[in-house]
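Take a look at the letters that make up each chain.
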Amino acid sequence: MNNRRPRRAAVTGIGVIAPNGMRTDAYWKSVSEGISVLDSVTREGCEQLPLRVAGEVRAFDPAALIEDRFLVQTDRFSHFAMAGAALALDDAGLGGEPAEPFSIGVVTAAGSGGGEFGQRELQKLWGRGSKFVGPYQSIAWFYAASTGQISIRGGFKGPCGVVANDEAGGLDSLAHAARAVERGTDVMVVGAAEAPLAPYSMVCQLGYPELSTLDDPARAYRPFTEKACGFVPAEGGALLVVEDESRARDRGVPVRATVAGHAATFTGASRWAESREGLARAIRGALDEAGCAPEEIDVVFADALGVPEADRAEALAISDALGSHGTRVPVTAPKTGIGRAYCAAPVLDTVAAVLAMEHGQVPPTPNVSDICHDLDLVMSRARPAELRTALVLSRGLMGSNAALVVRRGDDSAR
């Protein structure tokens, strides 16, 4: 008879590099106060593009956080990821040389990879010739670069992977890491970081009809309102340390949250009306895996695309999956203050969910003061609440849907 306790994935470390904060405490202060940092795009080469507003990480100095030998071979999106991973590992008490390198793995999600690095090398190719293209062009743009560089830099030799699955891939990466822990890996470094604000990357995004091109930061991204006109992109991201809960307790570190349930579906690119059923199914699947009743959900972190048809589908999906509780549960979308960082957006939302449970506050939805859907959207200021279980939602522009249930950690371990 096997009496071995099942392994449960616990969040023990958080590292944030976001437009509104370079560390977890700064990020939470801004999120909890409902501060919006959306502003005019300032990146060189983007002045004449119709995309006017974004969430930029403006105080980030990669040279102060990452060794030169890594900087020269990596793009900005990997700089964010490596810096976030180091912060998360320190937070979990796992900084420095790993004692058991094969017990630590890495998984990240990425939507587009290293566009800025790739653009720079292609300009050299066409402007000066092939011999001026650097050797790292072959790896720096690749969507798997962050996973590889985090593992190499940290000396991690456990299972590694990358999720390339639309924006919802951010939640899928957390589920992938949790399942690796449940199967026997002690520690996973997991999350996503994006840097989509270089000129080439921005031109590619202009093909999305869901993108907002308003030039007023206060009006450019207002989901669930009659004035919704699309989303505003952002850069940055978050990395988490997820490890076996029993191991964390043996180490004497706080269990900040546990990854309880996840599910994903696919309904097709820009078919927002159909995302209602797909998202509802993902929610039900995540609840089933978590063994969680709908009324146990204390807060929902919404996808909040900002497209009227998509917003309506999400509001209805929440009600479809949660029943009457769906119109009463507090819903929030902190990303309206920083923008949607593609795969990193739901990971930042998951961080916000963990911090909301720790602080007993539902953060507000910046720039939104009135809604046209049957949701209890938290606006204006944070709402005090006893939060034990959070639901995080994400949908991708190409049709992926995902839902993640996270539960509050045991306060006695703090």
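Preceding this paragraph is the structure being described.
Keep in mind that this is a model prediction, so the values were computed, not measured. (Residues numbered from 1 in each chain as written. Predicted model: local features only at pLDDT ≥ 70, side-chain atom pairs only at ≥ 80, totals over all residues. Heavy atoms only, no water.)

Caption draft 1: Expanded view of the overall build of the chain. Each helix and strand counted, the chain has twelve helices and 15 strands in total. A compact globule built from 414 residues should have a C-alpha radius of gyration of about 22 Å, and the chain, at 20 Å, falls within 12% of that. With the principal axes as the frame, the chain shows a C-alpha extent of 65 × 55 × 35 Å. Looking at the chain as a whole, 60% of its 414 residues qualify as buried. For the chain, the accessible area works out to roughly 16100 Å², and carbon and sulfur atoms hold 50% of it. (Helix = DSSP H or I, 4+ residues; strand = E, 2+ residues; numbered from the N terminus. Rg over C-alpha atoms; globule rule 2.2 N^0.38 Å. Buried < 20%, exposed > 50% of the residue type's maximum accessible area, 1.4 Å probe, protein only. Areas by Shrake-Rupley, 256 points an atom, 1.4 Å probe, with all protein chains shown as cover.)

Caption draft 2: View of the sheet that holds strand E14 (residues 389-395). With mixed pairing, eleven strands are arranged side by side in an open sheet as E5-E4-E6-E7-E1-E8-E15-E14-E9-E10-E12. On the outer flanks of this sheet lie strand E5 (160-163) and strand E12 (376-377), each paired with one strand and no other. Where helix H11 (residues 308-322) meets the sheet, it contacts strand E9 (299-301) and E14, and its direction lies at approximately 140° from that of E14. (Pairing = 2+ DSSP bridges. Contact = heavy atoms within 4.5 Å. Axes fitted to C-alpha atoms, helices over the stretch in contact; angles between N-to-C directions.)

Caption draft 3: Representation of helix H3 (residues 76-91) within the structure. With 16 residues, H3 should reach 22 Å at 1.5 Å per residue; the first-to-last C-alpha distance of 23 Å fits that figure. By the criterion of burial, H3 is predominantly enclosed, with 13 of the 16 residues buried. The N-terminus of H3 is capped by Asp75, whose side-chain oxygen sits 2.9 Å from the backbone nitrogen of Phe77. Positive backbone phi, at 75°, marks Gly93, one or two positions downstream of H3. (Expected span 1.5 Å × (residues − 1). Polar contact = N/O pair within 3.5 Å; in protein donor to acceptor, adjacent residues only side chain to side chain.)

Caption draft 4: Geometry of the environment of Pro330. On the secondary structure map, Pro330 appears in strand E10 (residues 330-332). Taking the C-alpha atoms as reference points, Pro330 and Val362, separated by 32 residues in sequence, lie 7.5 Å from one another. Excluding anything up to four places from it in sequence, Pro330 contacts Asp298, Val299, Val300, Val362, Asp376, Val378 and Arg383.

Caption draft 5: The packing of aromatic side chains, seen in detail. Enumeration according to the criterion identifies three aromatic pairs in this entry. When the ring of Phe60 is compared with that of Phe80, the centres are 4.9 Å apart and the planes differ by 55°; the resulting orientation is tilted. Here the residue Phe60 occupies a position in the loop between strand E3 (53-54) and helix H2 (68-71), and Phe80 occupies one in helix H3, the gap between them amounting to 20 residues. Judged on exposure class, the residue Phe60 and its partner Phe80 are both buried. Between Phe142 and Tyr143, the ring centres sit 4.6 Å apart and the planes meet at 45°, which makes this aromatic pair tilted. Note on Tyr143: relative accessible area 34%, which makes it partly exposed. Above the face of the Phe231 ring, Arg340 is positioned so that its terminal group lies 5.7 Å from the ring centre. (Phe/Tyr/Trp six-rings, centres within 6.5 Å; stacked < 30°, edge-to-face > 60°. Lys NZ or Arg CZ within 6 Å of the ring centre and 35° of its normal.)

Caption draft 6: Spatial organisation of the nonpolar core. One finds Val16, Tyr27, Leu240 and Val351 to be the most contacted residues of the largest nonpolar core, which totals 50 residues. Considering each element in turn, this core owes the most residues, ten residues, to helix H12 (residues 344-359). When residues of this core are assigned to domains, at least three map to each of domain 1 (9-251) and domain 2 (257-408). Excluding anything up to four places from it in sequence, Leu240 contacts Val11, Gly13, Ile14, Ala88, Leu174, Met188, Val189, Val190, Val347 and Val351. Membership of the second largest hydrophobic core comes to 49 residues, among which are Val53, Phe231, Val307 and Leu377. (Core = buried A, V, L, I, M, F, W, Y, C linked by side-chain atoms within 4.5 Å. Domains from an automatic or database assignment.)

Caption draft 7: Geometry of unusual backbone geometry. The phi dihedral of Asp166 is positive, around 70°, even though this residue is not glycine. Topologically, Asp166 is positioned in the loop between E5 and helix H7 (169-183). On the basis of relative accessible area, Asp166 is assigned to the buried category, the value being 17%.

Caption draft 8: Inspection of the pairing of strand E6 (residues 187-194) at higher detail. Of all eight residues in E6, eight are buried; the element is thus mostly enclosed. Across eight bridges, the pairing between E6 and strand E7 (residues 236-244) is antiparallel. Looking at E7, one finds that Val189 is bridged to Val241.

Caption draft 9: Focus on the side chain of Ser78. Along the chain, the position of Ser78 falls in helix H3. Since its relative accessible area comes to 1%, Ser78 is described here as buried. Side chain to side chain, Ser78 and Ser146 meet in a polar contact 3.0 Å long. Residue contacts for Ser78: discarding those within four places in its chain leaves Ala145 and Ser146.

Caption draft 10: Structural view of the pattern of salt bridges. Within the structure shown, the criterion is met by 28 salt bridges. Arg340 is the salt-bridge partner of Asp303, the closest N and O atoms lying 3.2 Å from each other. Placement of the pair is Asp303 in the loop between E9 and H11 and Arg340 in the loop between E10 and H12, with a sequence separation of 37 residues. A relative accessible area of 2% means that Asp303 is categorised as buried. (Salt bridge = Lys/Arg side-chain N within 4 Å of Asp/Glu carboxyl O.)

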